[in-house]
Amino acid sequence: MPRYLFGTLFLLLSLAAQPPAFNYDEAKVPKYTLPDPLVMADGTPVKDAAMWTKKRRPEILELFAEQVYGHTPKTRLKLRTEVLEIDKTAHGGLATRKQVRVWFGPAADAPFMDLLIYMPNGMKGKVPAFLGLNFGGNHTIQPDTEIRVTKSWVSSKANNFQASEKDRGAGSSRWPVDLVLKRGYAVVTAYYGDIDPDFDDGFKNGVQPLFYKPGQTKPEANEWGSLGAWAWGLSRAMDVLEKEKEIDSTRVVLHGHSRLGKATLWAGAQDQRFAIVISNDSGEGGAALARRKFGETTARINTSFPHWFDGNFKQYNDKEDTIPVDQHMLLALIAPRPLYVDSAVEDAWADPRGEFLGALGADPVYRLLGMPGLLVTEHPAVEKPSLDGTIGYHIRNGKHDVTDYDWTQWMNFADRHLKK
Ligand code: GTR
């Protein structure tokens, strides 16, 4: 074959191999039909709250575990904790800072996560708390020089995947600790990479190997990936908070951004000890409807991040209409507990409207359970939050991020439910 023909053929073949461009045009979203959260898989309607709780809720939870995030191991590890330090004069006396190492098992070389806890000083009784994982290591959430620097893998290639002193406070715009403390909430966080490093290594590191059966080297197709592991880590943080004298573990607000928003929703769905669940810009695999073709797709997320979901979820690449669930049903698993979903105008990749429609799709379940649900049926205007229902929602200006504006709405929402 002449060289130039070969070149042309190669170009045509590689063009054909390109994934379809991502849709950002509302007019081009094809019609779709969502599965009904209030109809059993066999077609039987869910007639009352008891039927939801006893039959439909477990059915949906099982579908998400089997087909999407993978099952979380049922085995309970014995956690060991060690208080690394306490300082009652943190943040200019505003807070008590406590760092607790949580070992995942009795072995001396067991993996661990470090919990960083800031509690407001001078409060009467136990305090409610905001709990969320962070992206860069605990030391990135505040410029506080006492915060331990993680030894786990971090995403910085430039620094050989090691955390650095230089990153102290680098993520502080996403963690307005003073603002939260002043409103009477504790701030609790852990680094997600302490639980499972966020890259595809075939599940050799992270917590998955702690649960392998003899001879097992990776999770089965219906067993957890990294999102499942991060969600599990949040529940282990809750185990520790249940034993913290100053913290009211019945008033823990779980929050998470983006991939950690996905993990947060999955944690809140499985573990009903969390009082309120907040999804910030969680997008595909989070609050956004998978069937709505806008922004990120199932094929793309499974290709870029093959370690996030379970093996079974890969069969739905470009076949969203065949997933037996959609993300409104994940949100419905939070019911009757308060749920908050938020979006950002410039975060088209996460599909803000799809996130809103996810929340709206969960509403019938809240109503069946006698809760007010979401009080709006149209996507709210920018920075006009809907705070008064059991489902809250806002869309703010700006990009994919966590801002003081987001935190302020979350606290306004939490106040309504936790400080009655
Ligand atoms: C993106 C991914 C999103 C979102 C985001 C993040 O690359 O496509 O689903 O999770 O990362 O976590 O920041």
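Just so it is clear, the model here is predicted, and its values are computed rather than measured.

**Student:** Just checking my understanding: could you explain the nonpolar core for this structure?
**Tutor:** Within soluble globular proteins, side chains that are nonpolar tend to cluster in buried spots. One finds F64, L131, I195, W230, I247 and F274 to be the most contacted residues of the largest nonpolar core, which totals 82 residues. A per-element tally of this core places helix 5 (residues 226-241) first, with 10 residues. Excluding anything up to four places from it in sequence, I247 contacts I117, M119, K126, V127, A129, A186, V188 and L241. Membership of the second largest hydrophobic core comes to 26 residues, among which are A90, W175, L387 and M411.

**Student:** Just checking my understanding: could you explain the site of the ligand for this structure?
**Tutor:** Around the ligand sit S258, R259, K262, E296, I301, F305, W308, W349 and H400, and those are all the residues in its vicinity. K262 has a polar side-chain atom sitting 2.9 Å from an oxygen atom of the ligand. Measuring from an oxygen atom of the ligand, one finds a side-chain N or O atom of H400 at 3.5 Å. Tallied by class, residues from the shell around the ligand come to four nonpolar, two polar and three charged.

**Student:** Sorry if this is basic, but what is going on with the packing of aromatic side chains here?
**Tutor:** By convention here, two paired aromatic rings are described through the distance between centres and the angle between planes. For the coordinates displayed, the defined rule picks out 24 aromatic pairs. Taking the centre distance of 6.0 Å and the plane angle of 90° together, the rings of Y24 and F294 count as edge-to-face. Of this pair, Y24 sits in the loop between helix 1 (3-16) and helix 2 (49-69) while F294 sits in the loop between strand 7 (276-280) and helix 7 (298-304); the two residues are 270 residues apart in sequence, bridging distant segments of the chain. Among the aromatic residues, ring-to-ring pairing joins F64, Y69, W266, F309, F313 and Y316 into one connected group. Its end group placed over the ring of F135, R174 keeps NZ or CZ at 5.9 Å from the ring centre.

**Student:** Mind showing me how you'd approach helix 9 (residues 352-368) here?
**Tutor:** Given 3.6 residues per helical turn, the α-helix brings residues three or four places apart onto the same face. With 17 residues, helix 9 should reach 24 Å at 1.5 Å per residue; the first-to-last C-alpha distance of 26 Å fits that figure. Restricting attention to buried positions, one finds in helix 9 the residues P352, G354, E355, F356, G358, A359, G361, A362, D363, V365 and Y366. On its buried face, helix 9 is in contact with helix 2, helix 8 (327-332), strand 8 (339-344) and strand 9 (391-396). Just beyond helix 9, the residue with positive phi is G370, at close to 85°.

**Student:** Just checking my understanding: could you explain the packing of helix 5 against helix 6 (residues 259-270) for this structure?
**Tutor:** The geometry of a pair of packed helices is captured by two quantities: the angle between their axes and the separation between those axes. Look at helix 5 against helix 6: their axes get within 8 Å of each other, and the N-to-C directions meet at 60°. Considering the angle they form, helix 5 stands oblique to helix 6. Crossing geometry of helix 5 relative to helix 6 is assigned as right-handed. Listed contacts from helix 6 to L227, G228, W230, A231 and L234 of helix 5 are R259, L260, K262, A263, T264, W266, A267 and Q270.

Rules of the game
- Residues numbered from 1 in each chain as written.
- Predicted model: local features only at pLDDT ≥ 70, side-chain atom pairs only at ≥ 80, totals over all residues.
- Heavy atoms only, no water.
- Core = buried A, V, L, I, M, F, W, Y, C linked by side-chain atoms within 4.5 Å.
- Buried < 20%, exposed > 50% of the residue type's maximum accessible area, 1.4 Å probe, protein only.
- Helix = DSSP H or I, 4+ residues; strand = E, 2+ residues; numbered from the N terminus.
- Contact = heavy atoms within 4.5 Å.
- Near = heavy atom within 4 Å.
- Polar contact = N/O pair within 3.5 Å; in protein donor to acceptor, adjacent residues only side chain to side chain.
- Nonpolar A, V, L, I, M, F, W, Y, C, P; charged D, E, K, R; others polar.
- Phe/Tyr/Trp six-rings, centres within 6.5 Å; stacked < 30°, edge-to-face > 60°.
- Lys NZ or Arg CZ within 6 Å of the ring centre and 35° of its normal.
- Expected span 1.5 Å × (residues − 1).
- Axes fitted to C-alpha atoms, helices over the stretch in contact; angles between N-to-C directions.
- Parallel < 35°, antiparallel > 145°, perpendicular 65-115°, else oblique.
- Left-handed = near helix turned anticlockwise from the far one by under 90°.

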